[in-house]
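# Inside the fold
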Amino acid sequence: VSGSLSGLLFAQVLYLAIGAGLLPLLGIAPTWDLWLRRFGLAYMVGVAVAGILAAHLALLDAPLGLFELTVLAVVLLVLGWRRLRRTPTPAPKRALNLPRPLAWANVALSVATALLLGALLGQATSAFAARPLKEWDGWAIWATKAKALYEFGGVHDPVFSSYEPVAHPILLPSLEAMGFRAMDAFDGTLIHVQLIALAFGFATALWWLLADRVPSAVLGVGLLALLSATPVLTQLSTNLADVPLAFFFALGVVSLGRFVLAGERWTLVAAALFLGAAMLTKSEGLLFAAAAFLAAAIVVAAGRDWRRLGHVAVSATAAFAILVPWRIYLAANDLRNSEYRLSDALDPAYLADRSERVGPAVSRLWDELWSAGWGVLPLVALVAVTAGALARRYRLAAFALLWPILAFGGLVLVYWISVVPVELTLTWTAERIVVSLVVGAAALAPLLVGEAFQLEREARTRDEHAG
Amino acid sequence: VSAGRVARLGAVALFLALAAFSTARTYGDTWDFLANQRESYADLTAAEPNIVPEFQTLLPVSAVNFFSARMRRGDRFYVHAADGPFIAGVDYPTAVRTFARFQLLPAVLVRDASEADVILAIGADPGQLGLRLDDVARSSDGRYAFARVAR
């Protein structure tokens, strides 16, 4: 049975509306001026919130369909609109003030990259709309859970307590189950359109998250390099959760980066939401989110900025709280990850017995980071860190360097304590597990480069005034 | 112009150059992959959106229809399949059970035949399981058999 594309597209419009209503309610855009300037975040905010809500309600066997989403969107839009009317204070805007030749170059590069990106995502849309479920994990794990949620409306016991891997969280299957309800059918092909909508949403959100601090040419060139990297769209097309995880994580880590840089509190709300969604998308989302928050906390604490440290702690608590209902469900049903136990990481004897696994894990993950499909994105990210340091944005540069190191170390630790033969588990997962590392680092790169560019502009302006 | 400013400008320029170089290295491959996917699957999925290429041989559409027509929503089924290899790390019975649990939802796969409402046999005889079965239905080619467990 074919599903209804119009129903699926209407669901995407509802996610946009839910996000638009939530922007003022969450404090991400408390005024009309800011709401217009941060509207690009609305779709991903809506997807994250609807996905989290649907995943939690699935634990109570309460499905979300088009009717419920419509009611939610209307209520949130009304509440958000009322909130906007009550807080009319305009926010200061950081102008880039480029001289004319540079402004023209900026516009030309922006238009060129936007056209190339639009063409690529257009091509991807037509491919995704025709692509069936194909890869093993895409149908055997993720689509099976989505189909079960669609059919039963919740975490039907025999499926969710006995089909491996039982510990995989269910944000993506919950989003897809809502997609099937919107299409009024299980359609293993058309559901890919929702995946490419995530790519559009990610690109838009990242752009609008950084547009007030980064020249559009820098942002466009960086975003194009990120989304044209072969693993991003090829892996997204497989219906595995690694790229959706990477999208949520990258938006979270960029939000956190902005907080480390400028201390804007709204970015911590965005970080908590997106990193919480990442944790509920895949098990390793917890590791990545922990690495990001820990890196932010270390950098802020190193600057003895205890107030900001407190804010990071509140944001981290909110993010981890998003995972709590799922963890309670796992504990209540005695469901465990069969591949590793985190407590083994604290057992020196266990670690010593398996130390021969470390070398292959480090080597393979490192090779995957530098594989040809990524182009030279890791190098781009390293240059961006250098640019940030040269711009004397030491906290941001340290954060950008520290979280990937912590995340990489965490991944190696998981391979170290896993009971699956190391070569086998690396073959199955290494290529996919590095996606969040590369996408997160590449997404943060324009912010670092934008700071170097801005500092240079300010120096030039001072020179001109002095002259 | 100070050395610091030159270094900053250099870093910005290097970022732009490397990002453009990275795009040049990957854009074409990604574009080709997407074009290939559309060409390969557009006709196939227009006719059958829920087909799973490469794995559909585990349980062809005709077999899915044969079993689905006889099962009720929520039925617990056990797949009795002949032993054999499939791919590295996965034997044939595991592969066919994994595929059946996806394809045959909202019927639900169980791992123990004694918990099942129905038995789906693939290249095997359901009578081998030692359960009391109602009438056994067989597909026209004799490869698939369906039986409801007598209660």
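Quick summary incoming for the structure in this document.

### Details of the overall build of chain B
- Counting its secondary structure elements, chain B contains three helices and seven strands.
- If you list the helices and strands of chain B from N to C, you get α-α-β-β-β-α-β-β-β-β.
- In terms of C-alpha radius of gyration, chain B reaches 26 Å, well past the compact-globule figure of 15 Å for 151 residues.
- Its C-alpha atoms give chain B principal-axis dimensions of about 90 × 35 × 30 Å.
- Within chain B, the fraction of its 151 residues that count as buried is 48%.
- Put simply, of all contacts in chain B between residues at least 6 apart along the chain, 62% involve residues at least 24 apart.
- Distance between charge centres in chain B, computed from 16 positive and 16 negative side chains, equals 8 Å.

### Focus on the packing of aromatic side chains
Residues and elements named next belong to chain A.
- On inspection of all chains with the given rule, the structure shows 21 aromatic pairs over all chains.
- Measuring from ring centre to ring centre gives 4.9 Å for W136 and W139, while their planes differ by 55 degrees; the resulting arrangement is tilted. On the criterion of helical spacing, the pair formed by W136 and W139 is a turn pair, its members being three residues apart in helix α6 (residues 136–152).
- Exposure remark for W139: the relative accessible area of 0% places this residue in the buried category.

### Observations regarding the pattern of salt bridges
Residue and element names in this part refer to chain A.
- Using the criterion set out here, one finds 23 salt bridges over all chains in the structure.
- Linking D305 and R395 is a salt bridge whose minimum nitrogen-to-oxygen distance equals 3.6 Å. Taken together, the residues span a long stretch of sequence, with D305 in the loop between α14 (284–302) and α15 (306–332) and R395 in helix α19 (residues 394–417) at a distance of 90 residues.
- Relative accessible area serves as the criterion here: at 18%, D305 is assigned to the buried category.
- Note that D344 and R341 form a salt bridge whose closest N and O atoms lie 3.2 Å from each other.
- D344 gets classed as buried once you look at its relative accessible area, which sits at 8%.
- Residue R341 is classed as exposed on the basis of its relative accessible area of 52%.
- In the salt-bridge network here, residues are joined through shared partners; they are D137, D242, K282, E284 and R432.

### With respect to the packing of α14(A) against α15(A)
All names here are of chain A.
- Running from amino to carboxyl end, α14 crosses α15 at an angle of 170 degrees, the nearest separation of the two axes being 9 Å. One element, α14, and the other, α15, form an angle in the roughly antiparallel class. Residues L286, A290, F293, A296, A297, V300 and A301 of α14 form the contact with α15, whose own contacting residues are W306, R308, L309, V312, S315, A316, A319, F320 and L323.

### Focus: helix α1 (residues 5–25) of chain A
- With 21 residues, α1(A) extends 31 Å between its outermost C-alpha atoms, agreeing within 8% with the 30 Å of an ideal straight helix rising 1.5 Å per residue.
- In the segment just after α1(A), A:G27 is the residue with positive phi, at about 85 degrees.

### Remarks on the sheet that holds strand β7 (residues 144–149) of chain B
Residue and element names in this part refer to chain B.
- Ordered in space as β4-β1-β5-β7-β6, the five strands form an open sheet in which the pairing is mixed. Looking at strand neighbours, the two that pair on one side only are β4 (108–109) and β6 (133–138), the edges of this open sheet.
- Relative to strand β5 (residues 118–122), strand β1 (residues 76–81) runs parallel, the two sharing five bridges. Considered in β5, the bridge of V79 is made with L120.
- Helix-sheet contacts for helix α3 (residues 92–103) involve β1, β4 and β5, and the interaxial angle to β1 is about 150 degrees.

### Section: the packing of helix α12 (residues 242–262) of chain A against helix α21 (residues 435–466) of chain A
Residues and elements named next belong to chain A.
- At their nearest, the axes of α12 and α21 sit 8 Å apart, and the two run at 30 degrees to each other. For the element pair α12 / α21, the angle class is roughly parallel. Considering how the two elements wind past one another, α12 and α21 form a crossing that is right-handed. Contacts between α12 and α21 involve D242, V243, L245, A246, F249, A250, V253, V254, G257, R258 and L261 on the former and, on the latter, V435, S436, V439, G440, A443, L444, L447 and E451.

Cut-offs applied
Residues numbered from 1 in each chain as written. Chains lettered and ligands numbered in written order. Predicted model: local features only at pLDDT ≥ 70, side-chain atom pairs only at ≥ 80, totals over all residues. Heavy atoms only, no water. Helix = DSSP H or I, 4+ residues; strand = E, 2+ residues; numbered from the N terminus. Rg over C-alpha atoms; globule rule 2.2 N^0.38 Å. Buried < 20%, exposed > 50% of the residue type's maximum accessible area, 1.4 Å probe, protein only. Contact = heavy atoms within 4.5 Å. Lys, Arg positive; Asp, Glu negative; His and termini not counted. Charge placed at Lys NZ, Arg CZ, Asp CG, Glu CD. Phe/Tyr/Trp six-rings, centres within 6.5 Å; stacked < 30°, edge-to-face > 60°. Salt bridge = Lys/Arg side-chain N within 4 Å of Asp/Glu carboxyl O. Axes fitted to C-alpha atoms, helices over the stretch in contact; angles between N-to-C directions. Parallel < 35°, antiparallel > 145°, perpendicular 65-115°, else oblique. Expected span 1.5 Å × (residues − 1). Pairing = 2+ DSSP bridges. Left-handed = near helix turned anticlockwise from the far one by under 90°.

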